[in-house]
Structure formats: structure tokens, C-alpha cells
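These are the residues of each chain, in order.
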Amino acid sequence: MGTDLHAPLGQNRGTSRKRRRPPIGRILGGFCLIAIASFSLYSALLRDNLQKTPPVETAEKASPPPAAVADKPAASDQTGLTQVDPQSGADTHRIVTSDGSVVTMFSPNARDGSGPVLINANQVGQDPRMAAIPNDSLLEDSPFGKLPIAAPSGLRPMDQYARPWSGARGTRVAIVVSGLGLSQTGTQRAIEKLPEEITLAFAATGNSLQRWMQEARRGGHEILLQVPFEPFDYPGNNPGPDTLLTSQPAAKNIEDLHKAMGEITNYTGVMNYLGGRFLSNANAMEPVMRDIGKRGLLFLDDGSSAQSKSGTIAKALEVPHAFADVQLDGELQQDAILKKLDELERIARRNGSAIGVAAAFDESVDAISKWSEEAAMRGIEIVAVSALTDDPKHP
């Protein structure tokens, strides 16, 4: 009997009872079914794994993590590479010549550790994608945590963490909003609502400071550390624990200053909280100002004490210094704060620049946000406080 060559694949093509090999189509079909089943299983596992994996945090403002999470300063970028200064692989020596000029000499040297590193080429300001990450070359270990320090190359924290500005010599205004970290809701509202040009000052006695610092830096803000100083009516008016006091030895005041400095990173300078008595006492203020300058930081005097000697001492020690012109929220009403902002603008137009300070009250935040929106239309450039600092390094 002949074989039917046109029979369907599922039927014998003849009467022979021999066991035949399965057609190639059936084999391929089986493999396809196995592959599809395997891919489906892999997809399901992958999808389940992705659902369990926490999302990667972006550079945009995100909701702050729970307060129970410990604050840990990041030491590297998202690639896992350690961030280093361009001159970190060199020996640096400075020589002061007879005419007072400083000559810096660099000689090759091996970097510590092994493997690739991330060279931070920005000498003024940071790439916004890296703004929440401290530069390790600007930190030193201490019993109180990581403290700011100038790098061997001369790079200072006030340079690295400064907010860049246009460089135009028009009318410039800096506004500093202080007291961040004391109220969790107030801090979050200030970071989210205030324009990125506004400088934010974090209270050393606040909570979750490193976390809030990261939020502020990702939002484009330059930041300061606000340290408690002794007021004239102390102890009736007590700024809080570890207040710097005129009755304490200089070593104890420096220790308290370092405790405050270790609470946070990525700030350009120190700002006083109260401190009328301390700021007016040259013997108490001089060693503190010297330490601030040695670490490559600026000092902002909030202008609350007419007897302050911070400017005179800073000039003598060649420490970068700024002095606030207007206290914006002495009267805590939005209309009154807006009038003070107009006064600040008049001072800036007359002198070329001006600095205003306020606390992170809702009324202050709302008034500053509203005024800032209109300032650019009137030819006002809002800059960070570092841009208006008297800096002996850049006269």
C-alpha cells in the first residue's frame, strides 16, 4: 500500500507500524512552549522582585523619610565611586614670599586606596546632581563627627557648597531664612515653598538635620549652620544646650562649636543665634572666629546686636564675613514683612547689595515667596549669602 504524502501531521503516512521520529515542527513547537513558559515565570518573578524593591531616589524633591531612620551622610555618588578633589593625588606645599605673596607647589603623589574615583572638578558650587553629597576632601574626623576643613589645595567649603550666581554687578539681595530643623512641618514647608535662591540656616539643636540638608541641597539652596551664642539676658533667655558662653574657657567654646559643626555637612558658613553678649566680647569671640576661618567657612552676623565686634575681628583674622542689614520679621505679619522686604530693596539699590534675615515662620515664608516672584521683574537678583560676603581671598 502506498504512502499518503499529503496526510496531516498527526496521522501515519502509511500502514507501517514502525515507530517514526516526531516531525521537526512538533519538536520546535515543544521548545517554543517551554521557552514561553520559562519567560512567563521569569517575568512574574522579576515583577514580584521589582515590587519589593524600594524606588531609587531622584534629584528632585521627595517626601522626607520617616524620622526614625538614622541620618547618615553619603560618602559617594549613586555610582558608588568615592568623590575626591582634583589635587587629591598631589603633595601640596605653600611658600610665603618676602612680598607676602603665596606660592603653591604641587608634586605627584599616589592617591589613597585603589580603584576608580570620581574627580570633582567644580571649584565653586556643585553639580545639582551631587549637591547633597559632601566632598570628602573637605571633611575631617573628630569625636563629634565629620567637621568641615579646607582642603590642602586651598578649596574651602564656602567655595564648594556656594550657590553660583550670574556675576553681574547689578542690584543684589540675599535673604537668609533661619531656624530650620526645629519644626519638622515648618522645615519641610520652607524647603518646598521658598525659591532656591534663598539661603537656609539650620539650627544646630534641630532634628534630622542631615536629612533636611539633603532635601535643601537637592532643591538648589545654599545652607548655613546656626550656632547658639550667649545673649545679654542669659540664662533667663537660654538659646539651648551647648550655647557658647563668655564665662567658659576658649577650649570649651571650641568644643561646643565642633559639636554643632558635626551635626550637618555641606554648609558654607556659620550664623549666630542670639548672642549679643558673646558677639560683643572680643576675648570670647576671637578664638571662635579663628576656628571658623581656619575651616574655610564664612561667618554671618544676623545684625541683632549693635555692639557686635564680629566684623572687626573677622577683618583682623581675614575671615570671610557678612552682616545682615534688615531683620525682616520683627513684626510677625505678612504685610509688615513685605514692607521690610521693600526696605531691603531700597538699601540694595543704594548700596548695590543687601542682606535680610528672617525665621522660618509661615508668615515669613509666605511673604518672602511672594516678594521673590516679583523681584526679578524689578531688576533685582536674589543671590546666596556667600555671594555678598567680604572675602579676603577674593577682594
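Residues numbered from 1 in each chain as written. Predicted model: local features only at pLDDT ≥ 70, side-chain atom pairs only at ≥ 80, totals over all residues. Heavy atoms only, no water.

- An unreviewed UniProt entry lists the protein under the name Divergent polysaccharide deacetylase family protein, from Rhizobium mayense.

### Some remarks on the pairing of strand 14 (residues 353–359)
A regular strand places its side chains so that they alternate between the two faces of the sheet.
At step 1: A large share of strand 14 lies buried, amounting to 6 of its 7 residues.
At step 2: Summarising the sheet, strand 7 (residues 171–180) and strand 14 pair through 7 bridges and their orientation is parallel. The residue bridging arginine 172 from the neighbouring strand is serine 353, located in strand 14.
At step 3: One ladder, built from 2 bridges, connects strand 13 (residues 326–327) with strand 14; its direction is parallel. Residue pairing in the sheet places glutamine 327 in a bridge with valine 357 of strand 14.
At step 4: Where the polypeptide runs from strand 13 across helix 9 (residues 334–351) and back to strand 14, its parallel neighbour, the crossover connection is right-handed. (Buried < 20%, exposed > 50% of the residue type's maximum accessible area, 1.4 Å probe, protein only. Helix = DSSP H or I, 4+ residues; strand = E, 2+ residues; numbered from the N terminus. Pairing = 2+ DSSP bridges. Right-handed = clockwise from strand over helix to strand, strands pointing away.)

### What to know about the packing of helix 3 (residues 184–193) against helix 4 (residues 209–218)
At step 1: Close contact between helix 3 and helix 4 brings their axes to 10 Å; oriented N to C, the two are set at 15°. On the basis of the axis angle, helix 3 is roughly parallel to helix 4. When you trace helix 3 past helix 4, the crossing you get is right-handed. Seen from helix 3, the contacting residues are Gln184, Thr187, Gln188 and Ile191; seen from helix 4, they are Arg211, Trp212, Glu215 and Ala216. (Axes fitted to C-alpha atoms, helices over the stretch in contact; angles between N-to-C directions. Parallel < 35°, antiparallel > 145°, perpendicular 65-115°, else oblique. Left-handed = near helix turned anticlockwise from the far one by under 90°. Contact = heavy atoms within 4.5 Å.)

### Things to note about the pairing of strand 9 (residues 223–229)
At step 1: The buried count for strand 9 comes to 7 of 7 residues, which makes it a mostly enclosed element.
At step 2: Taken together, the 4 bridges between strand 8 (residues 199–203) and strand 9 define a ladder with parallel strand orientation. The residue of strand 9 that forms the bridge with phenylalanine 202 is leucine 225.
At step 3: Both strand 9 and strand 10 (residues 269–274) contribute to a ladder of 6 bridges, which runs parallel. Across the sheet, residue proline 228 finds its bridge partner in strand 10, namely tyrosine 273.
At step 4: Note on the crossover from strand 9 through helix 5 (residues 250–261) to strand 10: the handedness is right-handed.

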